[in-house]
Amino acid sequence: MADLLDLSRRFIDEGVPADSTGLGPVNRVTLELSEVTDGVAMVEAFSHVVALDTGDGLVLFDASLGAFGPGVVKSLRGWRTDAVHTLVYTHGHVDHVGGAAAVMADADERGARRPAVVGHELVPERFDRYDLTNGYNAVINHRQFGGTGLTGRHEAATFPRDWVRPTVTYRDRMELRVGDLDIELRHAEGETDDHTWSWIPARRTVCTGDLLIWVFPNAGNPQKVQRYPLEWARALREIAALEPELLLPAHGLPIGGAERIHTVLDDVATALESLVGQTLDLMNAGAPLDEIVHTVAVPDHLLAKPYLQPTYDEPEFVVRNVWRMYGGWYDGNPARLKPPSDAAIAVETAALAGGVDVLVRRSLELADVGDFRMACHLVELAARADGDHLDAQRARADVYARRREAERSLMAKGIYGWASRESAARTGDDS
């Protein structure tokens, strides 16, 4: 069993990227339970489950993904046999709530009362929206996670419909007392609009959910609904002001020590505030989105932190989300207000260039020298100008495959990989 606090201390204090320390990943999916401190445990899964022994039953924060639910329960039962008194959702994302069915089944099998399920009042609305967009969510998760779903191909083409809904909701703050523990629930906007972080004052412990995920904040996901980077930073500042001595995230490693926790929270908040501030300054000066996207950047010393690596989301996507929040969908280019179709642009561009073959050759030349932004643009035009042009489809598969390898963030890799496989399938080269 790993000493998770020691692992995080070494990552943070060494101040180097997690993948260069030789210590292993910071986001581990082991289903292993570690007692972080007396009466406080963490089960490492796709998203972690935090468990508190209150003396009057367990309080759980999140239940992980549905596929991991039974394993989470098994690990918990190897630690404590007490009934689960309360399950708190940090937010309604499927990887945090899907395992709740296994928690309920455990209670039924033991003849115990089902636990109360507590969440922000917007969690049920999220579930309703998921039901309305079930097919869309299946498609984007399939694409985002590289074509294998969240845990395997059997999940790639589906998205859940059977939700364990909260039995208790709150708006701004809520206080729970379970056994000998007081737990304060506080609402925040960050990765979602329904986020809850929890403060346990007697233990000087905070459960942050996805407000800290040990990679660059997921505040710009290009395929998902609005994120809230400035509000996210404010929540981190509020947490830091409490001077917690133990921080338990839903992804990544727990962190011990008030000074260490403050440093991490301050760095993440500063990175988000920097992106928002730079973007708004340029928006207020009348800059179009294109200029902003290619101008705004996070200071290098922050991106070097082991807990700010852009391996899931990335700053460029966050900039676009800031624009969406404050500026709407018009990007400042009048030609794109009411544009022709992508196919029409592609056909016209190919004709002007001298044919699809010219675009294909140039895209491959650009890819060879590492100019993947322009290479992808041209090969996309080529493939859209003539969808049956096999050389264009082969080039598209090749260019996007190479771009996938050159990218760091899972979101970019997922989309580029999807595009590559799409064209490979059209040529019969997808074996």
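Everything that follows concerns the structure shown earlier in this document.
About the cut-offs
- Once a new chain begins, its residue numbering starts again from 1 and follows that chain's sequence as written.
- For a predicted model such as this one, the threshold for reporting local features is a pLDDT of at least 70, and the threshold for listing and counting side-chain atom pairs is 80 or more; totals across whole chains, interfaces and linings nevertheless cover every residue.
- As a convention, hydrogens and water are excluded, and side-chain values are obtained from all of the structure's heavy atoms.
- Numbering of helices and strands starts at the N terminus; helices are DSSP runs of H or I of at least 4 residues and strands are runs of E of at least 2.
- Each residue is assigned to one of three classes by its accessible area relative to the maximum for its type, calculated with a 1.4 Å probe on protein chains only: buried under 20%, partly exposed between the two thresholds, exposed over 50%.
- Contacts are residue-level and defined by heavy atoms, with any inter-residue pair within 4.5 Å sufficient.
- Accessible areas in this description were obtained via Shrake-Rupley with a 1.4 Å probe; residue shielding takes into account the shown protein chains only.
- Neither His nor the chain termini are counted; the positive set is Lys and Arg, and the negative set is Asp and Glu.
- To locate a charge, take atom NZ for lysine, CZ for arginine, CG for aspartate or CD for glutamate.
- The definitions used throughout rest on a 1 Å grid laid over the protein atoms alone, on which a cavity is an enclosed set of points accommodating a 1.4 Å probe that cannot get out and a pocket is an open set flanked by protein within 12 Å on both sides along at least five of seven lines; lining residues are those having an atom within 4 Å of a point.
- Grid points are joined across faces, edges and corners, and a volume is the space filled by probe spheres set on the points.
- Strands pair, by our definition, only if DSSP identifies at least two bridges between them.
- To obtain an axis, a line is fitted to C-alpha atoms, over the contacting stretch when the element is a helix, and the angle between two such axes runs from 0 to 180 degrees between their N-to-C directions.
- Classification of ring pairs rests on two measures: the distance between centres of Phe, Tyr or Trp rings, Trp counted by its six-membered ring, which must be within 6.5 Å, and the angle between planes, read as stacked under 30 degrees, edge-to-face over 60 and tilted in between.
- One speaks of a salt bridge when a side-chain nitrogen belonging to Lys or Arg is within 4 Å of a carboxyl oxygen belonging to Asp or Glu.
- Throughout, the ten residues Ala, Val, Leu, Ile, Met, Phe, Trp, Tyr, Cys and Pro are labelled nonpolar, Asp, Glu, Lys and Arg are labelled charged, and all others, Gly among them, are labelled polar.
- A helix is expected to reach a length of 1.5 Å times the quantity of its residues less one.
- Each direction from the helix axis to a C-beta atom contributes to the arc, which is the arc of those directions.
- Side-chain atoms within 4.5 Å are what join buried Ala, Val, Leu, Ile, Met, Phe, Trp, Tyr and Cys residues into a set we call a nonpolar core.
- Angle categories are assigned with fixed cut-offs, so that under 35 degrees is roughly parallel, over 145 is roughly antiparallel, 65 to 115 is roughly perpendicular, and the rest are oblique.
- Crossing handedness: left-handed means the near helix sits turned counterclockwise from the far one by under a right angle, and right-handed means the same turn made clockwise.

**Student:** How should the overall build of the chain be read in this particular structure?
**Tutor:** Counting its regular elements, the chain contains 16 helices and 13 strands. Counting the 431 residues in the chain, one finds 53% classified as buried. Expressed as a percentage of contacts within the chain between residues at least 6 apart in sequence, the contacts between residues at least 24 apart total 67%. Summed over all atoms, the accessible surface of the chain reaches about 18600 Å², with 50% contributed by carbon and sulfur. Averaging the locations of the 44 positively and 65 negatively charged side chains of the chain gives two centres separated by 2 Å.

**Student:** Help me out: how do you make sense of unusual backbone geometry in this one?
**Tutor:** Generally, phi is negative for residues other than glycine and the peptide bonds are trans, each holding for most cases. Phi at Asp62 is positive, roughly 75 degrees, even though this residue is not glycine. As for its position among the elements, Asp62 is in the loop between strand S4 (58–61) and helix H2 (69–77). Taking the relative accessible area as the measure of exposure, Asp62 reaches 1% and is therefore buried. Positive phi outside glycine occurs at Ser64, with the angle close to 65 degrees. Considering the arrangement of structural elements, one finds Ser64 in the loop between S4 and H2.

**Student:** Explanation requested: the layout of surface pockets in the structure shown.
**Tutor:** Over the atoms, a rolled probe matching the size of one water molecule traces out where space is still vacant. In this structure, the largest pocket encloses a volume near 1800 Å³. Around the largest pocket, the lining comprises 37 residues; the ones closest to its centre are Arg320, Arg373, His377, Arg403 and Tyr416. Secondary structure elements with two or more residues in the lining of the largest pocket: helix H9 (289–293), helix H11 (315–327), helix H12 (342–353), helix H14 (372–385), helix H15 (390–406) and helix H16 (410–427). Ranked by residue count, the leading element in the lining of the largest pocket is H14, at 6 residues.

**Student:** Can you walk me through the sheet that holds strand S10 (residues 195–200) in this structure?
**Tutor:** In a beta sheet, neighbouring strands are held together by backbone hydrogen bonds and run either parallel or antiparallel to one another. Here 6 strands make up an open sheet; going across it, the order is S8-S9-S10-S11-S12-S13 and the pairing mixed. Each edge of the open sheet is held by one strand with a lone partner, namely strand S8 (173–178) and strand S13 (255–256). Pairing analysis gives 5 bridges linking strand S9 (residues 181–188) to S10, with the strands arranged antiparallel. Within S10, the position partnered with Glu184 by the bridge is Trp199. Across the sheet, helix H7 (residues 229–241) touches S8, S9, S10 and strand S11 (205–209), and the angle it forms with S10 is around 5 degrees.

**Student:** Is there a simple way to explain the packing of aromatic side chains in this structure?
**Tutor:** How two aromatic rings sit relative to each other is given by the distance of their centres and the angle of their planes. Evaluated as defined, the whole model comprises 9 aromatic pairs. With a centroid separation of 5.5 Å and 35 degrees between ring planes, the pair formed by Tyr130 and Trp163 is classed as tilted. With Tyr130 in helix H5 (residues 123–132) and Trp163 in the loop between helix H6 (134–144) and strand S7 (168–170), this residue pair connects regions lying 33 residues apart in the sequence. For the pair Tyr130 and Trp163, one class covers both residues: buried. Ring geometry for Trp214 and Tyr307: centres 6.3 Å apart, planes at 85 degrees, overall edge-to-face.

**Student:** Help me understand the pattern of salt bridges in this model?
**Tutor:** Two side chains that carry opposite charge are able to pair once their charged atoms sit near each other. Under the counting rule described, the total for this entry stands at 35 salt bridges. Residue Arg177 is joined to Asp182 by a salt bridge in which the shortest nitrogen-to-oxygen separation is 2.9 Å. Between Arg394 and Asp391 there is a salt bridge, with the nearest N and O atoms lying 3.5 Å from each other. With Arg394 and Asp391 both in helix H15, this residue pair falls 3 residues apart, about one helical turn.

**Student:** Got a minute to help me understand empty space enclosed by the protein in this structure?
**Tutor:** Evaluation of the coordinates by the stated rule reveals 3 cavities of 30 Å³ or more. Taken as a whole, the largest cavity encloses approximately 50 Å³ of empty space. As for the largest cavity, its lining consists of Arg77, Ala83, Val84, Val103, Asp106, Ala107, Arg110, Ala112, Arg113 and Pro115. Per-element tally for the lining of the largest cavity: the top contributor is helix H4 (residues 100–110), with 4 residues. Of the residues belonging to the lining of the largest cavity, the class tally is 6 nonpolar, no polar and 4 charged.

**Student:** Just to check I follow, could you spell out helix H13 (residues 356–368) for this structure?
**Tutor:** In an α-helix, one turn spans 3.6 residues, which is why side chains three or four residues apart end up on the same side. In a regular helix each residue adds 1.5 Å, so 13 residues correspond to 18 Å; H13 covers 19 Å between its end C-alpha atoms and thus fits that length. Residues Val356, Leu359, Val360, Ser363, Leu366 and Ala367 constitute the buried set of H13. The arc that holds the buried residues of H13, viewed along the axis, is 130 degrees, so those residues lie on one side. As for H13, its buried residues are in contact with H12, H14 and H15.

**Student:** Which parts of the structure should I look at to understand the nonpolar core?
**Tutor:** In terms of nonpolar packing, the biggest core is built from 69 residues, with Trp197 and Trp214 touching the most fellow members. A total of 11 residues in this core trace back to one element, the largest contributor, which is helix H8 (residues 258–284). Membership of the second largest hydrophobic core comes to 31 residues, among which are Leu58, Val84, Met104 and Ala138.

**Student:** Hey, could you run me through the packing of H7 against H8 in this one?
**Tutor:** Axis angle and axis distance: for two packed helices, these are the angle between their axes and the distance between the axes, and together they describe the pair. Two numbers describe how H7 lies on H8: the axes approach to 9 Å, and their chain directions differ by 155 degrees. Taken as axis vectors, H7 and H8 run roughly antiparallel relative to one another. Between H7 and H8 the crossing geometry is left-handed. When H7 is examined against H8, the residues Pro229, Leu230, Trp232, Ala233, Leu236, Arg237, Ile239 and Ala240 are found in contact with a partner set consisting of His262, Leu265, Asp266, Val268, Ala269, Thr270, Leu272, Glu273 and Val276. The residue makeup of the contact of H7 with H8, split by class, is 12 nonpolar, 2 polar and 3 charged.

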